Amino acid sequence: MPIDLEWKLIYVGSATTSDHDQELDSLLVGPVPIGVNKFLFEADPPNLEKIPSAEILGVTVILLTCSYDGREFVRVGYYVNNEYDSEELNAEPPAKPILERVKRTILAEKPRVTRFAIKWYTYPFSTPLHHITFLVVLIVYIT
């Protein structure tokens with residue numbers, strides 16, 4: 001493909017509004033040659049102080065998006081469970097979250113993939129890209 005692919009890793013900070021979403025990182029990959037391609041995408045963890053305290057614990061989502069020429073064509077969502085690192089705290093959580101005791105489990109084995117139809121070519125490129133197969137290898141290290 002003549003234009004780089006833009007990948008973004010987004011942590012969803014609230015189920016009710018996108019105001020607390022955090023773009024953990026983004027990168028450009030390309031030009032992408034024909035064939036199987038893979039890369040490692042590492043990012044820092046989200047800033048928990050930017051997330052409402054009522055939504056720090058529980059289930060949320062990490063989104064991996066990919067755009068071509070500014071048009072998003074795929075979004076891969078992974079469920080993330082945020083809980084305390086001890087049964088006692090999980091059984092009786094404190095009123096104010098103890099951020100240093102929160103651990104995350106990413107359910108990487110069950111991604112939710114959404115594809116979007118986009119126009120794959122623009123002038124001066126006259127040959128459409130009829131079919132693109134991609135393999136996403138995502139390793140997320142969040143401490």
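Residues numbered from 1 in each chain as written. Predicted model: local features only at pLDDT ≥ 70, side-chain atom pairs only at ≥ 80, totals over all residues. Heavy atoms only, no water.

**Student:** Explain the pairing of strand 4 (residues 71-84) to me, please; I cannot follow it from the model alone.
**Tutor:** Two faces belong to every sheet, and in a regular strand the side chains alternate between them. The sheet contact formed by strand 3 (residues 58-68) and strand 4 spans 11 bridges and is antiparallel. Pairing of Thr65 across the sheet is with Arg75, part of strand 4. Two successive antiparallel strands, strand 3 and strand 4, enclose a turn made up of 2 residues, where Asp69 displays a positive phi of approximately 55 degrees. Direction of pairing for strand 4 relative to strand 6 (residues 112-115): antiparallel, over a ladder of 4 bridges. Within strand 6, the position partnered with Arg75 by the bridge is Thr114. Bridging between strand 4 and strand 5 (residues 102-106) involves 5 bridges; their strand directions are antiparallel. Within the sheet, the bridge partner assigned to Asn81 lies in strand 5 and is Thr105. (Pairing = 2+ DSSP bridges. Helix = DSSP H or I, 4+ residues; strand = E, 2+ residues; numbered from the N terminus.)

**Student:** Is there a simple way to explain unusual backbone geometry in this structure?
**Tutor:** Most peptide bonds are trans, and most residues other than glycine sit at a negative phi. Put simply, Gly30 and Pro31 share a cis peptide bond, and its omega is -5 degrees. Relative to the assigned elements, Pro31 resides in the loop between strand 2 (22-29) and strand 3. Phi is positive for Asp69, close to 55 degrees, though the residue is something other than glycine. Note that Asp69 resides in the loop between strand 3 and strand 4.

**Student:** Help me understand the pattern of salt bridges in this model?
**Tutor:** Pairing between side chains becomes possible if they bear opposite charge and their charged atoms approach one another. One pass over the structure, following the stated rule, counts 4 salt bridges. Here Glu72 and Arg75 are joined by a salt bridge, their closest N and O atoms 2.8 Å apart. Taking relative accessible area as the criterion, Glu72 reaches 25% and is therefore assigned partly exposed. Ionic pairing is found between Glu83 and Lys103, a salt bridge with its closest N-O pair at 3.8 Å. Separated by 20 residues along the polypeptide, Glu83 in strand 4 and Lys103 in strand 5 bring together distant segments of the chain. Judged by relative accessible area, which is 25%, Glu83 ranks as partly exposed. What makes Lys103 partly exposed here is its relative accessible area of 39%. (Salt bridge = Lys/Arg side-chain N within 4 Å of Asp/Glu carboxyl O. Buried < 20%, exposed > 50% of the residue type's maximum accessible area, 1.4 Å probe, protein only.)

**Student:** Can you help me understand the confidence of the model for the protein chain in this one?
**Tutor:** A low pLDDT score tells you not to read the predicted coordinates there in detail. Per-residue confidence for the protein chain gives a mean pLDDT of 84, with 83% of residues at or over 70. Confidence, read as mean pLDDT per element, is least for strand 6 in the protein chain (92) and greatest for helix 1 (residues 87-91) (96). Every residue in residues 126-143 scores below 50 in pLDDT, and together they form 33 contacts with partners more than four places removed in sequence or on other chains. (pLDDT = per-residue confidence, 0-100. Contact = heavy atoms within 4.5 Å.)

**Student:** Where do I start with the side chain of Thr60 in this structure?
**Tutor:** You can see Thr60 is positioned in strand 3. Residue class for Thr60 comes out buried when judged on its relative accessible area of 11%. At a separation of 2.4 Å, a polar atom in the side chain of Thr60 contacts the main-chain carbonyl oxygen of Val12. Those residues in contact with Thr60 that lie beyond four places of it in its chain are Tyr11, Val12, Tyr78, Tyr79, Val80 and Asn82. (Polar contact = N/O pair within 3.5 Å; in protein donor to acceptor, adjacent residues only side chain to side chain.)

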